[in-house]
Amino acid sequence: MTTPATPPAPPARGRRRAPSRIERAADRAAALQRPRVLLALLLLLALTCVMLLDGYLRAEVGDDQRVRTGASASDVPDEVLEGGPILSFPGGQATTVSVPDKTIVLTFDDGPDPTWTPQVLEILEKYDVPGTFFLVGSMVSRYPGIVEDLVEQGNEVGVHTFTHIDLSYQSEARVTREIEQTQLALAGAAGITTTLFRAPYSSETNAIDNYSWPVYQNLGEDGYTSVFIDTDSDDWKRPGVSKIVEWATPEDDEGASVLFHDSGGERSQTIEALPKYIEKMKAKGYTFTTVSGVMADQQPAGGALAAAGAASGNGLQAAHHKATGTTLYEGKALVAAVAVAEWTVPALSVGLMVVGVAVMGRFGMMLILARRHHRQRNRRRFSWGPPVTGPVSVIVPAYNEKECITATLRSLARSTHPIEIVVVDDGSTDGTAEIAESLGLPNVRVVRQANAGKPAALNNGVRHARYDIVVMMDGDTVFEPDTVRHLVQPFADPGVGAVAGNAKVGNRRTLIGAWQHIEYVMGFNLDRRMYDLLRCMPTIPGAIGAFRREAVLEVGGMSDDTLAEDTDITIALHRAGWRVVYEEHARAWTEAPGSLGQLWSQRYRWSYGTMQALWKHRRSLTDKGPSGRFGRIGMPLVVLFQVVTPVFAPLIDVFTVYSMIFVDFRSALLAWLAVLGVQLGCAAYAFRLDREKYRYLLMMPLQQLAYRQMMYLVLIHSCVTALTGGRLRWQKLKRTGEVGTPAGTG
């Protein structure tokens, strides 16, 4: 039977058909989404860059722990090997300078450190003693405030590379990068650059070898002064306070460049020894100065260093130069980027822990509650009440479903439960309505309407339904003969307002189909068992669901306020006090998207629509009584498990890849395999409950590597759309009609 309606006139020959309303909306939506997809990808790229920056700062990325020892020094001039600790190259000629007698240049390596450097500065200020600090650029960028205080106090700074590596192993480009990045960090932190340099792992000048000598030569040509030591306190060995003081004391009242450390480990002995050392040396008549102070004393009054000291106003900081222009702004940008990384990565680490706990907690809840649900519903004595045998209405909304509509209607015609079939043609242009009528199946009515979207089609079907129970399905879905009979039995309980069926992927022979099959069985159906027991089912699948007509009308029917009309009405039914349950034996076979593009579109609509529905029903959090159960339990669980956890779940993969490449490949791989093992265990149990073949689980590792990442990007895309206020219309996926019958799909 066909409801009277005037079919749309065919387009005139030779004229191009005007796009329908839904096609125009889809085109507009696609144009709007491209920038949001780009923004989502940029966010992921920014996260990766932040992690790489943080790893670089912590010497996890680009770290090189090689230290050269025992190399020949045949190419190094003897006057350098036997000279003083200050090496420069005026006019291209290597020149060394010694510290005058009774003079100490206090030098500190490896800082700044937030714990020890401030204590060192406090001691130096107390005794009115200057120091020369050779700073690691990564530490400068992390603690710029300490460097600023250090310079303002009158101390001098030098470059100690950016990542504290042995430069003798590095290329010229890496050496240049290490120096320039440290200079940028100094510019951003204190507004200065410096001409002083000390190589990591260096000591006295007699330790220069054939590999490090070219480094000092090249830096000297660029105007750098390399600083070595005469006396080493060896405080890094933590030999005890008295030993540190003893080892740092030069012999025979000689001057010395003395090495201490204000970072790189536990420095409490250094902090305790430093005041004792200063007091001892002052008592012996020593004075304290900086490297620039020594060099200024060795030059005539009109020398370049003396002139630089006069220009800066402080001869003890003559090596400093004010950062200007591009250097200054790039330095500030570096410090700002590091500040973001310093805040972001720890926050992400905490988020990772939360996500990890949430994911494992979800797996635990699903397994426990799914097992309990299965045992409860499959007991011999379990019954919803008296058998439901009365006829029901099956509503089939259809828009351009010519490939699938025949299989859908023929499967319904084989139903063992009495039904009427209401096909609502939503302005199809491919002859869907005519195909449905031509089949000549009993109890089939075709209702035509102008293209208005799926919610409007379903509401129209409810208005034309003759019976109190309505079953809603998609136009590409195939039912088994007993599906409707199983689906409607829970309505024997007068408190049940809706029933969710068990949706199955019919086109599972392809790789994408198999991945979705795993997702349907493990994710969707295990979830529904859990939510059923908790009485807070969030979604009745559009492919298979049954409703009391009374309940649908009570909540105002299907709403087009969101893209997830099925989630919207499910939550509305909860809030109206109806119970929503899951019937695992009511199986429907649906055609899943067959391409990545279609899959992206579908899941984007689902995830974004779910967010819309949750926001629409946010007041359920404050609902009282039985109607507030979804707000108290379901809403937090859905937000946690379907929004928050998936959004941050990529952190697990990002951190795993990061750890495999830069930290510990074996440990990271074992951790990933352990998580995969837990997921496989959950999936295997879900397949057992649904009596599915286990062979599809062989594809699960690949699903975790590729498919899951795509789902994460889709959800991030949805979040970006939600935050930017975007909207979408109901989208039509391309159908192939591959799901002809449920037989043989396993």
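These figures come from a predicted structure and were not determined experimentally.

**A word on the overall build of the chain**
Here is step 1 of the chain: A tally of regular secondary structure across the chain gives 24 helices and 20 strands.
Here is step 2 of the chain: Counting over 746 residues, the chain shows a buried share of 56%.
Here is step 3 of the chain: Pairs at least 24 apart in sequence give 81% of the contacts found in the chain among residues at least 6 apart.

**Considerations on the pattern of salt bridges**
Here is step 1 of the chain: In the structure shown here, the tally under the stated rule is 25 salt bridges.
Here is step 2 of the chain: Here aspartate 109 and arginine 198 are joined by a salt bridge, their closest N and O atoms 2.8 Å apart. Here aspartate 109 is found in strand β3 (residues 103–111), whereas its partner arginine 198 is found in the loop between β7 (196–197) and α7 (213–221), with 89 residues between them in sequence. A single burial state applies to aspartate 109 and to arginine 198, both of which are buried.
Here is step 3 of the chain: A salt bridge links lysine 504 to glutamate 692, with the shortest nitrogen-to-oxygen separation between them at 2.7 Å. Taken together, the residues span a long stretch of sequence, with lysine 504 in strand β18 (residues 496–505) and glutamate 692 in the loop between α23 (665–689) and α24 (700–724) at a distance of 188 residues.
Here is step 4 of the chain: Overlapping salt bridges bring together Lys504, Arg508, Arg529, Glu584, Asp690 and Glu692 as one network.

**Things to note about the pairing of strand β5 (residues 156–159)**
Here is step 1 of the chain: What you see with β5 is no split at all: Glu156 and Gly158 on one side and Val157 and Val159 on the other are buried throughout.
Here is step 2 of the chain: The sheet contact formed by strand β4 (residues 132–135) and β5 spans 4 bridges and is parallel. Along β5, the bridge assignment pairs leucine 135 with valine 159.

**With respect to helix α15 (residues 454–464)**
Here is step 1 of the chain: Counted residue by residue, α15 has 8 buried out of 11 residues, so it is predominantly covered.
Here is step 2 of the chain: Taken as a whole, α15 has its buried residues at Lys454, Pro455, Ala457, Leu458, Asn459, Asn460, Gly461 and Val462.
Here is step 3 of the chain: Those residues of α15 hidden inside the fold are in contact with β13 (392–398), β14 (419–426), β15 (444–449), β16 (469–473), α18 (549–554) and α19 (565–575).

Rules of the game
- Residues numbered from 1 in each chain as written.
- Predicted model: local features only at pLDDT ≥ 70, side-chain atom pairs only at ≥ 80, totals over all residues.
- Heavy atoms only, no water.
- Helix = DSSP H or I, 4+ residues; strand = E, 2+ residues; numbered from the N terminus.
- Buried < 20%, exposed > 50% of the residue type's maximum accessible area, 1.4 Å probe, protein only.
- Contact = heavy atoms within 4.5 Å.
- Salt bridge = Lys/Arg side-chain N within 4 Å of Asp/Glu carboxyl O.
- Pairing = 2+ DSSP bridges.

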